[in-house]
Amino acid sequence: MRDHDDRIPKFLLKITNIIKNLSAGLFVKRTCRLIKKQKFWFIAFASFCFSAMTQMSFSMKELSSFMMDAMIMIIGLILSFVTLFIAVATIINGNKKNISLMLVFGYSQKECSHCLLGGYRPAAYTGFAVGTIYQYALLKIMVTIVFKNIENLPEYKFDFPIMILSLSIFIILYDVV
């Protein structure tokens, strides 16, 4: 019996190996892009939850009770912190070698975290903006369409001081801590 290499010319084997290596490289690149997109989505979703739920709970003073506001706030904060924790843990686990090299070269822990999470800042701010728009649209629709037949229901207006407060807290939690 002839060996497998004897039946196929060597140049075809080389071409086959090159194609395998290229396709494996493309697969790795696609997988890395997909993972990076998922991390962006997780960061944006955590920011969205924080923005929507904190602003919604503070904005509903005239529309609901204190307990309802507290429940919305707690649910939103738990959801946003858990999602952000998962995303940051994934980013850190994926960059263990880079972090260790940075620490060896004398970077502080804070500089390492700013370097790794700084690239996700646009996703975080986009998620915060979308969450702000979402909570405003949801409450506006709820007051004007769903509860239009209820008497003495106050009109909902966007609360800029609450948005600034929520944004300030978000920046402190995301950038500083």
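Residues numbered from 1 in each chain as written. Predicted model: local features only at pLDDT ≥ 70, side-chain atom pairs only at ≥ 80, totals over all residues. Heavy atoms only, no water.

The number of helices and strands found in the protein is seven helices and zero strands. Of the regular secondary structure in the protein, the N- to C-terminal order runs α-α-α-α-α-α-α. Burial status across the protein gives 27% buried among its 177 residues. For the protein, long-range pairs separated by at least 24 residues make up 75% of all intrachain contacts whose partners lie at least 6 apart in sequence. (Helix = DSSP H or I, 4+ residues; strand = E, 2+ residues; numbered from the N terminus. Buried < 20%, exposed > 50% of the residue type's maximum accessible area, 1.4 Å probe, protein only. Contact = heavy atoms within 4.5 Å.)

This paragraph deals with the nonpolar core. Residues Ile 43, Ile 91, Leu 117, Tyr 120, Ala 124, Phe 170 and Tyr 174 are the most contacted members of the largest nonpolar core, which totals 15 residues. When residues of this core are traced back to their parent elements, those giving at least two are α2 (10-59), α3 (66-94), α5 (109-117), α6 (121-146) and α7 (160-176). If near-sequence neighbours (up to four positions away) are discounted, Ile 43 is found in contact with Leu 84, Ala 87, Val 88, Ile 91, Tyr 120, Ala 123, Ala 124 and Tyr 174. The next biggest cluster of nonpolar side chains, apart from the first, holds six residues, and it includes Met 56, Ile 72, Leu 139 and Val 143. (Core = buried A, V, L, I, M, F, W, Y, C linked by side-chain atoms within 4.5 Å.)

On to empty space enclosed by the protein, then. Across all of its chains, the model carries one cavity of 30 Å³ or more by this definition. Estimated volume of the largest cavity: approximately 80 Å³. In terms of lining residues, the largest cavity is bounded by Ala 46, Ser 47, Phe 50, Ser 80, Phe 81, Leu 84, Phe 170, Leu 173 and Tyr 174. Elements with a contribution of two residues or more to the lining of the largest cavity: α2, α3 and α7. Class assignment for the residues of the lining of the largest cavity results in seven nonpolar, two polar and no charged. (1 Å grid on protein atoms, 1.4 Å probe; cavity = no way out; pocket = protein on both sides within 12 Å on 5 of 7 lines; lining within 4 Å. Points joined across faces, edges and corners; volume = space filled by probe spheres on them. Nonpolar A, V, L, I, M, F, W, Y, C, P; charged D, E, K, R; others polar.)

Turning our eyes to something else, we now look at the environment of Met 53. In this structure, Met 53 sits in helix α2. Sequence-wise, Met 53 and Ser 80 are 27 residues apart; in three dimensions their C-alpha atoms are separated by 9.2 Å.

Turning next to the side chain of Ser 166. Within the secondary structure layout, Ser 166 lies in helix α7. Engagement of the side chain of Ser 166 in a polar contact is seen with the side chain of Thr 54, the distance being 2.8 Å. (Polar contact = N/O pair within 3.5 Å; in protein donor to acceptor, adjacent residues only side chain to side chain.)

The next point concerns the confidence of the model for the protein. Averaged over all residues, the pLDDT of the protein is 78; the fraction at 70 or higher stands at 79%. Of all helices and strands in the protein, the one with the weakest mean pLDDT is helix α1 (residues 4-7) (55), whereas α6 scores best (88). (pLDDT = per-residue confidence, 0-100.)

Going through the model one piece at a time under the given rule, you end up with ten aromatic pairs. On the numbers, 5.6 Å between centres and 70° between planes, the contact of Trp 41 with Phe 42 is edge-to-face. (Phe/Tyr/Trp six-rings, centres within 6.5 Å; stacked < 30°, edge-to-face > 60°.)

Between its first and last C-alpha, α3 extends 42 Å over 29 residues, near the 42 Å set by a 1.5 Å rise per residue. Every buried residue of α3 is accounted for by Asp 69, Ile 72, Met 73, Gly 76, Ser 80, Thr 83, Ala 87, Val 88 and Ile 91. (Expected span 1.5 Å × (residues − 1).)

Between its first and last C-alpha atoms α6 spans 36 Å; for 26 residues at 1.5 Å apiece the expected length is 38 Å, and the two agree. What α6 keeps buried is the set Ala 123, Ala 124, Gly 127, Phe 128, Gly 131, Thr 132, Gln 135, Leu 139 and Val 143.

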